[in-house]
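For reference, the chains in residue letters:
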Number of protein chains: 2
Amino acid sequence: MPTAMQCDTSHLEQISRQVRRWIVRCTFEAGSGHPTSSLSAVELMVDLLFGGHFRFNLDQPDHPANDRLIFSKGHASPLYYALWAAAGKIEPDDLLSYREFGSRLEGHPTARFSLTEAATGSLGQGLSIGLGMAMVARYLDKSPSRTFVLLGDSEMAEGAQWEAIQIASHYKLDNLVGILDVNRLGQRGATMYGHDLDSYRKRIEAFGWRCVLIDDGHDNDQILHAFDELNADHGGSDRPTMFIAHTIKGKGIPSLENEGGHHGKPVDEDDVDEILAGFGAANEQIRGTIPPPILYQPDPPASRQAERIDYEIGDTVATRDAYGNALLRLAAKFPQMVALDGEVCNSTRTKRFRDELPARFFEMFVAEQNMVGVATGMALRGKMPFVSTFAAFLTRAFDQIRMCPYSDAAVKFVGSHCGVSIGRDGPSQMGLEDIAMFRTIQNGVVLYPCDAVSTEALVNAMAEYEGIAYLRTTRGKTPVIYDNDESFGIGGSKVLRSSDDDHVTLIAAGITLHECLAAHATLADRGVRARVIDLYSIKPLDHATIRRAADETPLLFTVEDHFPEGGIGEAVLTSLSDHATPVNCLAVRKRPISGSPDDLLEFEGISAASIVDAVERCRCTTQ
Amino acid sequence: MPTAMQCDTSHLEQISRQVRRWIVRCTFEAGSGHPTSSLSAVELMVDLLFGGHFRFNLDQPDHPANDRLIFSKGHASPLYYALWAAAGKIEPDDLLSYREFGSRLEGHPTARFSLTEAATGSLGQGLSIGLGMAMVARYLDKSPSRTFVLLGDSEMAEGAQWEAIQIASHYKLDNLVGILDVNRLGQRGATMYGHDLDSYRKRIEAFGWRCVLIDDGHDNDQILHAFDELNADHGGSDRPTMFIAHTIKGKGIPSLENEGGHHGKPVDEDDVDEILAGFGAANEQIRGTIPPPILYQPDPPASRQAERIDYEIGDTVATRDAYGNALLRLAAKFPQMVALDGEVCNSTRTKRFRDELPARFFEMFVAEQNMVGVATGMALRGKMPFVSTFAAFLTRAFDQIRMCPYSDAAVKFVGSHCGVSIGRDGPSQMGLEDIAMFRTIQNGVVLYPCDAVSTEALVNAMAEYEGIAYLRTTRGKTPVIYDNDESFGIGGSKVLRSSDDDHVTLIAAGITLHECLAAHATLADRGVRARVIDLYSIKPLDHATIRRAADETPLLFTVEDHFPEGGIGEAVLTSLSDHATPVNCLAVRKRPISGSPDDLLEFEGISAASIVDAVERCRCTTQ
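Remember, it's a predicted structure, so these values are computed and weren't measured experimentally.

Chemist: When you look at the overall build of chain A in this model, what are you seeing that I'm missing?
Modeler: A tally of helices and strands in chain A yields 23 helices and 19 strands. The globule rule puts the C-alpha radius of gyration for 623 residues at 25 Å, and the 28 Å found for chain A is close to it. Its C-alpha atoms give chain A principal-axis dimensions of about 90 × 55 × 40 Å. Residue burial in chain A is summarised as follows: out of 623 residues, 68% are buried. Sequence-distant contacts in chain A: of pairs separated by 6 or more residues, those separated by 24 or more amount to 78%. Summed over all atoms, the accessible surface of chain A reaches about 19500 Å², with 45% contributed by carbon and sulfur. Of the charged side chains in chain A, 59 are positive and 85 negative, and the gap between their average positions amounts to 3 Å.

Here you go:
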């Protein structure tokens, strides 16, 4: 490893000048962007990438031996792209396509630029993602790879960063390196701590990280000397490292340096030429070298066939238990599968996986935002993370979840304790908006099995699906209604009861599917023929079967243990948006409260008796 | 203030014994609940409430002079209710209704128990809510009130707690007191730090709090002596205080003490009698005294009429600017209005309010979860908080938002930069799922004005609405289309173009409303008559007008700058769930990218040209 002495700092300085030119020019051309936020981190990043401490094989960017660099302060994207231009991976002229419609060089980095490790832009997420990558390197790939995360000071207000800081320390990740660009200025003014590096140091140290201060974050010698600390032997340091650098927002443009009021603004037309001249002569061809790591041949574990399931029709098994069983059973088939849980594995039932495959289970404690960020990082490094907690608590991480698609991170989510049917714990624990949340994920899959057999099949389907998937599990036991050999696919459904002359169709999933089956029996006794559809795949939805029911029966009901907005009812209504058959949506409409599951299903009008009642009232009205 | 010497610790001990009886009995009767988590905090809470340091007027629980107590570890609800029984506000027999269907004593505290300060149960939220109450006391009410928050150790993994810790320190809130119950055991096992009180102390001190350790959290003398620190004169301490207590989960039940595996489980039937006997003889009538504070006569500021608005039809004004104007203009009419912003006030335009009324503006930095928790606390203390940030970043706080209804906290939310039409910053900054999120809030209002006039009217409507409300603002300028005197109500809409023989109805809000107006003109040139409805109130929705359009026109379109799921389209489909007229929903369906607003509206098929095209294709198909 080169030391500060060995690096050609004058070359690094020249690269920094050109990087500054590129930053100013691309944002000026785009008419938008964050040049001043980018300028404060130039030396830090140039010295990191081209100073010898970062190892990356440009021809094999996905190799597990490579170091990783994430820009948690994603608005510094002009710098990010300029660095890769200096590395020879972006043509300088292409930098001028920054933020243009269709350009892969988007306003904040996304997967559309192939070297982007993870999409960022919503602050305070990059450290969790980097943590996930570092965990993969350390505990799964057993790679010497380091993960570097560029952090802004404003975003250190985000709690998710402190979740990551705690958990990185707990997991002894000395291969995770944060570089904190303390430029004092947030978007609308000074941060809480200004340039007081010590206020960051003492807090981050208190969490167990090693902190290295850089008094002048624009002095190459200081920076390189600090980075040399990465190689110093600390006798088995198990601590992550945070470099904390005093920087100047707008560094390189004297009229803007350290001044508020310039966040997110390209330089003025009147000033641009003078500013560019201030960086010295253009040197579009200057390039820096990134030493490659020693590549090793990864030895991925082989996939083995999963054991067959063996449930008995009529047994009662909670789908959360079936999920726990499935995770363990399928682990052999999907060797990249790992499980993350938020302190509730005894409730979500990932505990079995934890006990049997501890090397592939990661306790993420009561910190759901970080858990999702970590899963994102793991997915981006080729693993198949299953994230589990109560469905209600996944709302804690909606910002992280909505960012997954922009990284093309195929994270799998499983939310337990859905609906009012969890009972006496009351509404704080009830997932009542999770279907709505996950349905908004583009190309995401939303599944809600009603029994153990379908749960096992759908967990398998989630694992095989190349994208984001969410599965909802129920706390209470429900009857097994399917044969072990029954097949279930994403986008499928099951018609469980039907005749050639049904009076009504009942569409449900999960716990209310069983209520519909009971309602079917009662209605049958009263001469009312009800078709019953198990809509276990809410997104994508089985349009053909829904449409056929709408064609063949005069009235449809949807029944869900979920709020009415954005759930099964609205998914069916969307499917039938051009169809005339009326749809009556039963859902949780009253303020949910504590009570027994049966009392609450009844109270909310989604029990078998309520369904029968609703059907009969509707039919009276329409007849 | 009494000191430890003056308190009758034997009385406190007796109360503690009886409180333990109540905890064990009510969870045993309910067959569920968290007795061991409750037992670890008994002495801490009994000594707080009845040891003289907590001041509360039981006859005027809402008085601003009262201290406040929030159970951030909401699952210790058995303790919470037992305390109030010992205070004489719950009949001991009523404790046995715990968790019963219909009981106000829910599994986790909610507003249905009138003394609950705030609903909790989703961990890591109580400190933010307490922070909000402390801010109200210190900066708005100028009350000597203190806010106490009982915290669990597991939930200290939640980032939101560290957001609150940072910001409490920044705002110098020496009237905020945390009591951290370090019982070592989370739900599925030990926490990251076990009983290492110092690991909490050094971290919380590093953030600027004063920490006081209690080595034995079950020793009344130690606890009272520690609480005496609240009165010690520290020469103008501006620091919040955290008491960090070593406690035993399950304390009082020797067979369960400090053992894992008992979280969330009532005692066994075989053991209950012996356990109760272990607490000594029952003493159902024992009561503790809570000294009242000195009540003062609050002097609420008077409401004054707001100035009239004065926009010109045809001017272009961004609705985010109109929002900033409205907030300031209405401040006089709603003297309890306060504004909170997440480091983006120059973007959300709350900056004007900040500059003119700094005493009523609270910078909450890049920490949205805490911002929403603080707003919740403020609303519960009688203020009218307007929470502003980018719509996309409100997803960061979905867990906090979904908890608001259970507290009956009437928080107002305003999300800027909605939709792809923000342009070049790209998808990380685009609010595309916010309508879906806020529609799931029971009795919540969702508003999306298209111009400055309607924005001003709807901000007023939000303020007048006694509940949770959300308003979406647009980044770019849009034409003023309404007269200053036009009235807009929650649940209303405007039919902007119509005839007796319309071929199609276009329903939109916000930026796409203008696209529909442009499409209307183009279609008119081509002989197609389009009704145009401004659906500025998405929830509740103007069913009558939508239905009339469905009755009178053969085809409806909805157009929204939002994902298709859970938005305007599905709201309209729900409204017309029993109607035969087809609805065609245009929305953001392609992966959003950077680009100009116009390019993106076109790309996503929600521009005027796209609407014209869609209408013509549909009409060809149906003719």
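Chemist: Got a minute to help me understand helix α18 (residues 452-464) of chain B in this structure?
Modeler: Each full turn of the α-helix corresponds to 3.6 residues, which orients residues three or four apart in the same direction. Residue and element names in this part refer to chain B. The terminal C-alpha atoms of α18 lie 19 Å apart, and with 13 residues this matches the ideal 18 Å at 1.5 Å per residue to within 8%. Across the 13 residues of α18, 12 count as buried, placing the element largely inside the fold. Of all the residues in α18, the buried ones are Ala452, Val453, Ser454, Thr455, Glu456, Ala457, Leu458, Val459, Asn460, Ala461, Met462 and Ala463. In the core, the buried residues of α18 are packed alongside β6 (316-318), α11 (319-330), β9 (384-390), β10 (412-416), β11 (445-447) and β12 (469-472). Its side-chain oxygen 3.2 Å from the backbone nitrogen of Val453, Asp451 forms the N-cap of α18.

Chemist: Would you mind showing me how to read the packing of aromatic side chains here?
Modeler: Describing an aromatic ring pair means giving the distance of the ring centres and the angle of the ring planes. Summed over the entire model, instances satisfying the criterion amount to 44 aromatic pairs over all chains. On the numbers, 6.2 Å between centres and 70° between planes, the contact of Tyr139 of chain A with Tyr171 of chain A is edge-to-face. In this pair, Tyr139 of chain A sits in helix α6 (residues 126-141) while Tyr171 of chain A sits in the loop between α7 (159-170) and β3 (176-182), placing the two residues 32 residues apart along the sequence. In this structure Tyr171 of chain A comes out as buried when scored by relative accessible area, which is 14%. Here the aromatic rings of Tyr80 of chain B and Tyr81 of chain B are separated by 6.0 Å at their centres, their planes lie at 65°, and the arrangement is edge-to-face. A residue is classified by how much of its surface remains accessible, and Tyr80 of chain B, at 2% relative accessible area, is buried. Pairwise contacts between aromatic rings join Phe54, Phe56, Phe71, Tyr80, Tyr81, Trp84, Tyr98, Phe113 and Phe148 of chain A into one cluster.

Chemist: Can you help me understand a negative patch on the surface in this one?
Modeler: All names here are of chain A. A grouping of Asp268, Glu269, Asp270, Asp271, Asp273 and Glu274 is seen on the molecular surface, where their side chains present a negatively charged patch. Secondary-structure assignment places Glu269 in the loop between β5 (241-246) and α10 (272-278). On the basis of relative accessibility, which here comes to 64%, the residue Glu269 falls in the exposed class.

Chemist: Help me understand empty space enclosed by the protein in this model?
Modeler: It is the rolling of a water-molecule-sized probe over the atoms that shows where space remains empty. Scanning the entire structure with this criterion turns up 13 cavities of 30 Å³ or more. Empty space within the largest cavity amounts to approximately 110 Å³. Leu576 and His579 of chain A together with Leu573, Leu576 and His579 of chain B are the residues nearest the centre of the largest cavity, which is lined by 14 residues in total. Classifying every residue of the lining of the largest cavity gives 8 nonpolar, 6 polar and no charged.

Chemist: What's the story with the interface of chain A and chain B in this structure? I'm lost.
Modeler: Think of interface size as the accessible area that goes away when the parts come together; that is how it is often given. Every contact between the two is made by 103 residues of chain A and, on the other side, 103 residues of chain B. Taken together, both faces of the contact between chain A and chain B bury some 8400 Å²; the carbon and sulfur share is 51%. Considering only the surface of chain A that becomes buried against chain B, Phe101, Arg188 and Arg396 of chain A emerge as the three largest contributors, covering 10% of it. Put simply, chain A and chain B have 16 salt bridges between them.

Chemist: Whenever I open this one, the UniProt feature "domain: Transketolase-like pyrimidine-binding" (unreviewed entry) in chain A confuses me. Can you help?
Modeler: In the numbering used here, UniProt assigns the feature "domain: Transketolase-like pyrimidine-binding" (unreviewed entry) to residues 317-480 of chain A. With 41% helix and 20% strand, the stretch residues 317-480 of chain A has end C-alpha atoms that lie 7 Å from each other.

Chemist: Is there a simple way to think about unusual backbone geometry in this case?
Modeler: Where the residue is not glycine, phi is negative for most of them; where a peptide bond is considered, it is trans in most cases. Residues and elements named next belong to chain A. Of note, the bond from Lys539 into Pro540 is cis; its omega dihedral lies within 30 degrees of zero at -10°. For Pro540, the position within the fold is in the loop between β17 (537-539) and α20 (543-552). With a phi close to 80°, Arg184 is a non-glycine residue in the positive phi region. Relative to the helices and strands, Arg184 is located in the loop between β3 and α8 (197-206). Given a relative accessible area of 22%, Arg184 falls into the partly exposed group.

Chemist: What is the right way to look at the pairing of β12 of chain B in this model?
Modeler: Residue and element names in this part refer to chain B. The alternating pattern of β12 places Ala469 and Leu471 on one face and Tyr470 and Arg472 on the opposite face, and all of these are buried. Taken together, the 4 bridges between β10 and β12 define a ladder with parallel strand orientation. For Gly415, the partnering residue across the bridge sits in β12 and is Arg472. Where β11 and β12 come together, 3 bridges link them in parallel fashion. Each bridged residue has a counterpart across the sheet, and for Val446 the counterpart in β12 is Tyr470.

Chemist: Explain the nonpolar core to me, please; I cannot follow it from the model alone.
Modeler: A general feature of soluble globular proteins is that nonpolar side chains tend to end up buried together. In terms of nonpolar packing, the biggest core is built from 170 residues, with Ile204 and Phe413 of chain A together with Ile204 and Phe413 of chain B touching the most fellow members. Ignoring sequence-local partners within four residues, the contact set of Phe413 of chain A consists of Val372, Val387, Leu394, Ile401, Cys404, Phe438, Met462, Ile468, Ala469, Tyr470 and Leu471 of chain A.

Chemist: How should the domain arrangement of chain A be read in this particular structure?
Modeler: All names here are of chain A. Parsing chain A into structural domains produces domain 1 (9-278), domain 2 (316-479) and domain 3 (494-622). For domain 2 and domain 3, the distance between their C-alpha centres works out to 25 Å. With 34 residues of domain 2 in contact, the opposing surface of domain 3 contributes 32 residues. Three residues, Val420, Arg439 and Tyr448, lead the burial of domain 2 against domain 3; their summed loss comes to 28% of the area buried on that side. Between domain 2 and domain 3 we count 0 salt bridges in total. The interface formed by domain 2 and domain 3 holds 19 residue pairs in polar contact (both at pLDDT 80 or more) in total. Contributions of two or more residues to the side of domain 2 that touches domain 3 are made by α17 (434-439), β11 (445-447) and β13 (477-479).

Chemist: Hey, could you run me through the packing of α6 of chain A against α7 of chain A in this one?
Modeler: The relative placement of two packed helices is expressed as an angle between their axes plus a distance between the axes. All names here are of chain A. One can describe the packing of α6 onto α7 by two numbers: an axis separation of 8 Å at closest approach and a directional angle of 25°. When the axis of α6 is compared with that of α7, the two are roughly parallel. Note on packing geometry: the crossing formed by α6 with α7 is left-handed. From α6, Leu127, Ser128 and Leu131 reach across to α7, where they touch Ala160, Gln161, Ala164, Ile165, Ile167 and Ala168. Its residues placed into classes, the contact of α6 with α7 shows 7 nonpolar, 2 polar and no charged.

Chemist: Can you help me understand the pairing of strand β16 (residues 530-534) of chain A in this one?
Modeler: Within a regular strand, side chains alternate between the sheet's two faces. All names here are of chain A. Taking burial as the measure, the 5 residues of β16 include 5 buried ones, the bulk of the element. Bridging between strand β14 (residues 494-497) and β16 involves 3 bridges; their strand directions are antiparallel. Across the sheet, Val495 pairs through a bridge with Ile533, a residue of β16. Of the strand pairs in this sheet, strand β15 (residues 504-508) and β16 are connected by 5 bridges, and their pairing is parallel. Bridging from a neighbouring strand, Ala508 pairs with Asp534 of β16. Handedness of the β15-helix α19 (residues 511-525)-β16 crossover: right-handed.

Cut-offs used in this document
Residues numbered from 1 in each chain as written. Chains lettered and ligands numbered in written order. Predicted model: local features only at pLDDT ≥ 70, side-chain atom pairs only at ≥ 80, totals over all residues. Heavy atoms only, no water. Helix = DSSP H or I, 4+ residues; strand = E, 2+ residues; numbered from the N terminus. Rg over C-alpha atoms; globule rule 2.2 N^0.38 Å. Buried < 20%, exposed > 50% of the residue type's maximum accessible area, 1.4 Å probe, protein only. Contact = heavy atoms within 4.5 Å. Areas by Shrake-Rupley, 256 points an atom, 1.4 Å probe, with all protein chains shown as cover. Lys, Arg positive; Asp, Glu negative; His and termini not counted. Charge placed at Lys NZ, Arg CZ, Asp CG, Glu CD. Expected span 1.5 Å × (residues − 1). Polar contact = N/O pair within 3.5 Å; in protein donor to acceptor, adjacent residues only side chain to side chain. Phe/Tyr/Trp six-rings, centres within 6.5 Å; stacked < 30°, edge-to-face > 60°. Patch = residues over 30% accessible without salt bridge, like charges linked within 9 Å, V, L, I, M, F, W, Y side chains within 5 Å. Salt bridge = Lys/Arg side-chain N within 4 Å of Asp/Glu carboxyl O. 1 Å grid on protein atoms, 1.4 Å probe; cavity = no way out; pocket = protein on both sides within 12 Å on 5 of 7 lines; lining within 4 Å. Points joined across faces, edges and corners; volume = space filled by probe spheres on them. Nonpolar A, V, L, I, M, F, W, Y, C, P; charged D, E, K, R; others polar. Buried area = accessible area lost by both parts, 1.4 Å probe. UniProt positions renumbered as here; feature names shortened; annotations may be inferred. Pairing = 2+ DSSP bridges. Core = buried A, V, L, I, M, F, W, Y, C linked by side-chain atoms within 4.5 Å. Domains from an automatic or database assignment. Axes fitted to C-alpha atoms, helices over the stretch in contact; angles between N-to-C directions. Parallel < 35°, antiparallel > 145°, perpendicular 65-115°, else oblique. Left-handed = near helix turned anticlockwise from the far one by under 90°. Right-handed = clockwise from strand over helix to strand, strands pointing away.

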